[in-house]
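Spelled out from the first residue to the last, the chains are:
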Protein chains: 6
Amino acid sequence: MYIVCVRDHLMIAHSFKGEIFGPAQRLHGATYVVDLELRRPALDEDNLVVDIGLASENLKQVLAELNYRNLDDEGAFTGANTTTEFLARAIFDRIAAFIAEGRLGESARGLASMRVTLHESHVAWACYDGPLPTPARS
Amino acid sequence: MYIVCVRDHLMIAHSFKGEIFGPAQRLHGATYVVDLELRRPALDEDNLVVDIGLASENLKQVLAELNYRNLDDEGAFTGANTTTEFLARAIFDRIAAFIAEGRLGESARGLASMRVTLHESHVAWACYDGPLPTPARS
Amino acid sequence: MYIVCVRDHLMIAHSFKGEIFGPAQRLHGATYVVDLELRRPALDEDNLVVDIGLASENLKQVLAELNYRNLDDEGAFTGANTTTEFLARAIFDRIAAFIAEGRLGESARGLASMRVTLHESHVAWACYDGPLPTPARS
Amino acid sequence: MYIVCVRDHLMIAHSFKGEIFGPAQRLHGATYVVDLELRRPALDEDNLVVDIGLASENLKQVLAELNYRNLDDEGAFTGANTTTEFLARAIFDRIAAFIAEGRLGESARGLASMRVTLHESHVAWACYDGPLPTPARS
Amino acid sequence: MYIVCVRDHLMIAHSFKGEIFGPAQRLHGATYVVDLELRRPALDEDNLVVDIGLASENLKQVLAELNYRNLDDEGAFTGANTTTEFLARAIFDRIAAFIAEGRLGESARGLASMRVTLHESHVAWACYDGPLPTPARS
Amino acid sequence: MYIVCVRDHLMIAHSFKGEIFGPAQRLHGATYVVDLELRRPALDEDNLVVDIGLASENLKQVLAELNYRNLDDEGAFTGANTTTEFLARAIFDRIAAFIAEGRLGESARGLASMRVTLHESHVAWACYDGPLPTPARS
């Protein structure tokens, strides 16, 4: 299996609901350093997993929709605790949709699986890892 | 699959037996920066993989039992070469027992697998990765 | 010159005023990984720059007063843009006061200067570096 | 599963063919920080995944054959785009051959799989991950 | 003293002249992860050391003039060994000129000194650190 | 000012004397990732701060005299608490002596100052920074 990873970041505010979150129930924020890993079993004809320029641009575009925002006010997340692991999945789903739409290039339809990791500090990170939806590869 | 990781560290002395270890047969020591990764297929009702506070506290407690010690004098390791990979497994087993005892919260019984990584320098690390024992999840 | 550094982090929300800040005028947030460097020309009688345990505890206490908060609501910062460099100075001043009060130990009065660095992402950091006020060293 | 990883680096020049590469079609270069991960299901009798000294030496030897070179002039790569993911595979294959030849020690024949990661900057990396060829483990 | 730092990178090919360089006399290459530190004794009226957006854009522009190139063919460096420390100075001088031209904003004329660091691998870096030319601050 | 830095590491056991050290009074150990920074105001005729190969080799040799040892048994440190900051100074002095002896090359006599940093974990480091003795530069 071949993997390529590109990195970017986003900075958001949010709060959590539930006693388990302790002081994080207050409005606070985070920088998430985001790693997008893309995997495929064989390289394309250019010896690439994916066009790394397109991968970086699309990651930046997905993050721009969340960046410099208070996630408590984002309609897409109403009622949800926007934990690091939840956000990793939300970003995963948006990148997967972009791949299905062909925005990472035709060759990107050969991608088999993906991981999105959000580093929230020097001592904690979370990720979502899964196969890419079948429609994206047909 | 969702993964959450927390980081801590421990500082120990030890020596190895066997010519393969060269100068490391002498009494020396190491700082291990320890990453504990916890995995589950779906988030719990709080949108969490695990209560990250409990995960951090339990990792710290497991490491405290080894920290600032000469492992050559620890009864639990008598006769064993306490290599980085061996220690990763020892910490894995202790965390797994804590999960089975419910110390990481009831929800943590939904954890499917785990990885414990010990970084011993800027150029070497080792880990043990495996499923969590069935009793821990029933 | 001898230097000792300890690291911790904090997670806050805030917004900025002024066109120069672009999208960061919206309420957003940040994780700051904080490095506290303490300097002195000669070691104390224990061969230490400072009691590293006390340094870590006091850094944690200073950060706790800001952690998991919306800085726009903190009275101490009313009307101020809480930029990374501004916050580095605010933390510097609080640590300096703690040193003057003897909270880092009597020996810490021998400290000559200090640096507080806030890493806001993998591509940006800011710091404030300066001498410790004379009263702290008398 | 147990994993051990060692790190080294190499510095090369190369160019790419194909419009998709944009300015990287020009002769340029890269530092690749290389991580070699070796995996096996059980430790050997010394409690090791592999002799870490032999693993490091062999990685260095494989990298030495490529280091400080213009890859456009290397016969082994004629006509190929030496992308990061392609090079990860090339290094993987050479290490796999060394293991098959017994250069990492007899015990290394118990290795089950391997990953070679090349970090090309602070924001991008690529790797090849796969099982070790059956002949190496018989 | 306040400091702000932004990070970017460039990828180049080059060769060195002189026996002291050993195998690096051959055409090879490097990724340089570049840190630009900007310093001033007091913050501006926005509580900034510098407009971090302008600092990042100008660093990117300076690096773009060198990026994806064979430095042996660059007229500006004819006859010079483009060592890491030499390149740090070259980038320093170009950024200093940009500051003098006002490209980092009028407020940037208050900058007192600067450091440019080039990380060439996980085990080596070099930098140039110096005051900003007087014309830039008048 | 130009600076070049090379990195290596060492792994030792030791114990401390004095209640201030708490559990670190027990025999334990540490990995120290060591950064050696060398500074000079102008480059030599090869555009170098120092022959980086010689700097790395000499750092490795100095560390080899301490590596894989119990520092409590080293005659050179009898009665001393071998804290991180103390060890940074000890390594500084040995490198300074090597420079004075010409082991880093004749050109290295132009070095003006030096810093030795020991990273003991992901959350703590210490260093000694100072001018090089005059005899080394005459």
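The structure reproduced in this document is the subject of the present report. (Residues numbered from 1 in each chain as written. Chains lettered and ligands numbered in written order. Predicted model: local features only at pLDDT ≥ 70, side-chain atom pairs only at ≥ 80, totals over all residues. Heavy atoms only, no water.)

### Notes on the overall build of chain A
Logical step 1: The number of helices and strands found in chain A is 2 helices and 5 strands.
Logical step 2: Across its three principal directions, the C-alpha atoms of chain A cover 50 × 30 × 25 Å.
Logical step 3: Counting over 138 residues, chain A shows a buried share of 62%.
Logical step 4: Within chain A, contacts between residues at least 6 apart in sequence are counted, and of these 68% link residues at least 24 apart.
Logical step 5: Here chain A contributes 13 positive and 19 negative side-chain charges, whose respective centroids are spaced 3 Å apart. (Helix = DSSP H or I, 4+ residues; strand = E, 2+ residues; numbered from the N terminus. Buried < 20%, exposed > 50% of the residue type's maximum accessible area, 1.4 Å probe, protein only. Contact = heavy atoms within 4.5 Å. Lys, Arg positive; Asp, Glu negative; His and termini not counted. Charge placed at Lys NZ, Arg CZ, Asp CG, Glu CD.)

### Here's the deal with the pattern of salt bridges
Logical step 1: Under the criterion given, the structure shown has 54 salt bridges over all chains.
Logical step 2: One salt bridge in this structure joins B:K60 and B:D8, with 3.0 Å as the shortest N-O distance. Pair noted here: B:K60 is in helix 1 (residues 52–64) and B:D8 is in strand 1 (residues 2–14), with a separation of 52 residues, a long-range link.
Logical step 3: B:K60 gets classed as partly exposed once you look at its relative accessible area, which sits at 49%.
Logical step 4: Owing to a relative accessible area of 12%, B:D8 belongs among the buried residues under this scheme.
Logical step 5: The residue F:R115 makes a salt bridge to F:D129 at a minimum N-O spacing of 2.6 Å. Taken together, the positions of F:R115 in strand 4 (residues 113–121) and F:D129 in strand 5 (residues 124–131) put the pair 14 residues apart, joining distant regions of the chain. The pair formed by F:R115 and F:D129 is uniform in burial state, with each residue classed as buried. (Salt bridge = Lys/Arg side-chain N within 4 Å of Asp/Glu carboxyl O.)

### Brief notes about the packing of helix 1 (residues 52–64) of chain F against helix 2 (residues 84–100) of chain F
All names here are of chain F.
Logical step 1: At a minimum axis separation of 10 Å, helix 1 and helix 2 run at an interaxial angle of 130°. Here helix 2 runs oblique to helix 1, going by the angle between their axes. Every pair of crossing elements has a handedness; the one defined by helix 1 and helix 2 is right-handed. On helix 2, the residues touching N58, L59, Q61, V62 and L63 of helix 1 are I91, R94, I95 and F98.
Logical step 2: Counted by class, the contact of helix 1 with helix 2 contains 6 nonpolar, 2 polar and 1 charged residues. (Axes fitted to C-alpha atoms, helices over the stretch in contact; angles between N-to-C directions. Parallel < 35°, antiparallel > 145°, perpendicular 65-115°, else oblique. Left-handed = near helix turned anticlockwise from the far one by under 90°. Nonpolar A, V, L, I, M, F, W, Y, C, P; charged D, E, K, R; others polar.)

### Here we look at the arrangement of the chains
Logical step 1: Over all C-alpha pairs, chain B and chain C never come within contact, reaching a minimum spacing of 12 Å.
Logical step 2: Regarding chain A and chain E, which are not in contact, the minimum distance between any of their C-alpha atoms is 12 Å.

### So, helix 2 (residues 84–100) of chain B
Logical step 1: Relative to the 24 Å expected for 17 residues at 1.5 Å per residue, helix 2 of chain B spans 24 Å between its end C-alpha atoms, a close match to the ideal helical length.
Logical step 2: Buried within helix 2 of chain B are the following residues: B:T84, B:E85, B:F86, B:L87, B:A88, B:A90, B:I91, B:F92, B:I95, B:A96, B:F98 and B:I99.
Logical step 3: Buried residues belonging to helix 2 of chain B abut strand 2 (28–40), helix 1, strand 4 (113–121) and strand 5 (124–131) of chain B together with strand 1 (2–14) of chain D.
Logical step 4: Immediately downstream of helix 2 of chain B, the backbone of B:G102 shows phi near 85°, a positive value. (Expected span 1.5 Å × (residues − 1).)

### Some thoughts on the interface of chain F and chain B
Logical step 1: With 23 residues of chain F in contact, the opposing surface of chain B contributes 23 residues.
Logical step 2: Contact between chain F and chain B buries roughly 1900 Å² in total, counting both sides, with carbon and sulfur atoms accounting for 64%.
Logical step 3: Joining chain F to chain B, the criterion identifies 0 salt bridges.
Logical step 4: Taken together, the links from chain F to chain B amount to 11 residue pairs in polar contact (both at pLDDT 80 or more).
Logical step 5: With 6 residues, the top contributor of residues to the side of chain F that touches chain B is strand 1 (residues 2–14) of chain F.
Logical step 6: The class makeup of the residues in the side of chain F that touches chain B is 10 nonpolar, 8 polar and 5 charged. (Buried area = accessible area lost by both parts, 1.4 Å probe. Polar contact = N/O pair within 3.5 Å; in protein donor to acceptor, adjacent residues only side chain to side chain.)

### Points about the environment of E:A24
Logical step 1: For E:A24, the position within the fold is in the loop between strand 1 (2–14) and strand 2 (28–40).
Logical step 2: Here the alpha-carbon distance between E:A24 and E:L38, two residues 14 residues apart in the chain, equals 32 Å.
Logical step 3: Not counting residues within four places of it along the chain, the set of residues in contact with E:A24 comprises D:Y68, E:S15 and E:F16.

### Concerning the pairing of strand 2 of chain B
Residues and elements named next belong to chain B.
Logical step 1: The element strand 2 is largely enclosed, with a buried count of 13 among its 13 residues.
Logical step 2: Residues of strand 2 alternate between two faces, with H28, A30, Y32, V34, L36, L38 and R40 on one and G29, T31, V33, D35, E37 and R39 on the opposite face, all of them buried.
Logical step 3: The pairing of strand 1 with strand 2 spans 13 bridges and is antiparallel. Each bridged residue has a counterpart across the sheet, and for V4 the counterpart in strand 2 is L38.
Logical step 4: Across 7 bridges, the pairing between strand 2 and strand 4 is antiparallel. When the sheet's bridge partners are listed, R39 is paired in strand 4 with S113. (Pairing = 2+ DSSP bridges.)

### Here's the deal with the interface of chain C and chain A
Logical step 1: Listed as interface residues are 23 residues of chain C and, on the opposing side, 23 residues of chain A.
Logical step 2: With both chains or domains summed, chain C and chain A bury close to 1900 Å², and 64% of this area falls on carbon and sulfur atoms.
Logical step 3: Broken down residue by residue, the surface that chain C buries against chain A is led by C:M11, C:Y68 and C:H122, which jointly contribute 30%.
Logical step 4: Seen at the junction of chain C and chain A, the total is 0 salt bridges.
Logical step 5: Counting across the interface, chain C meets chain A through 11 residue pairs in polar contact (both at pLDDT 80 or more).
Logical step 6: For the side of chain C that touches chain A, the element with the highest residue contribution is strand 1 (residues 2–14) of chain C, accounting for 6 residues.
Logical step 7: Classifying every residue of the side of chain C that touches chain A gives 10 nonpolar, 8 polar and 5 charged.

### Notes on helix 1 (residues 52–64) of chain A
Residue and element names in this part refer to chain A.
Logical step 1: An ideal rise of 1.5 Å per residue puts 18 Å on 13 residues; helix 1 measures up with 18 Å between its terminal C-alpha atoms.
Logical step 2: Listing the buried residues of helix 1 in full gives A55, N58, L59, V62 and L63. For helix 1, the angular spread of the buried residues around the axis is 135°, confining them to a single face.
Logical step 3: The elements touched by buried residues of helix 1 are strand 1 (2–14), strand 2 (28–40) and helix 2 (84–100).
Logical step 4: The opening residue of helix 1, the one whose side-chain oxygen lies 2.9 Å from the backbone nitrogen of G53, is D51. (Arc of directions from axis to C-beta.)

### Considerations on the relation of the copies chain C and chain A
Logical step 1: Expressed as a screw transformation, the operator carrying chain C onto chain A has a rotation angle of 180° and an axial translation of 0.0 Å, and the superposed copies differ by an RMSD of 0.0 Å. Such a turn and shift between the copies fits a two-fold axis.
Logical step 2: When the interface residues of chain C are mapped onto chain A, 100% of them again fall at the interface, so both copies present the same face. (Least-squares fit on C-alpha atoms with pLDDT ≥ 70 in both.)

### Concerning the environment of E:D72
Residue and element names in this part refer to chain E.
Logical step 1: Here D72 lies in the loop between strand 3 (69–70) and helix 2 (84–100).
Logical step 2: Separated by 41 residues in the primary sequence, D72 and S113 place their C-alpha atoms 30 Å from one another.
Logical step 3: Residue contacts for D72: discarding those within four places in its chain leaves A13, H14, S15 and L27.
Logical step 4: Polar side-chain contacts of D72 include one of 2.6 Å to the side chain of S15.

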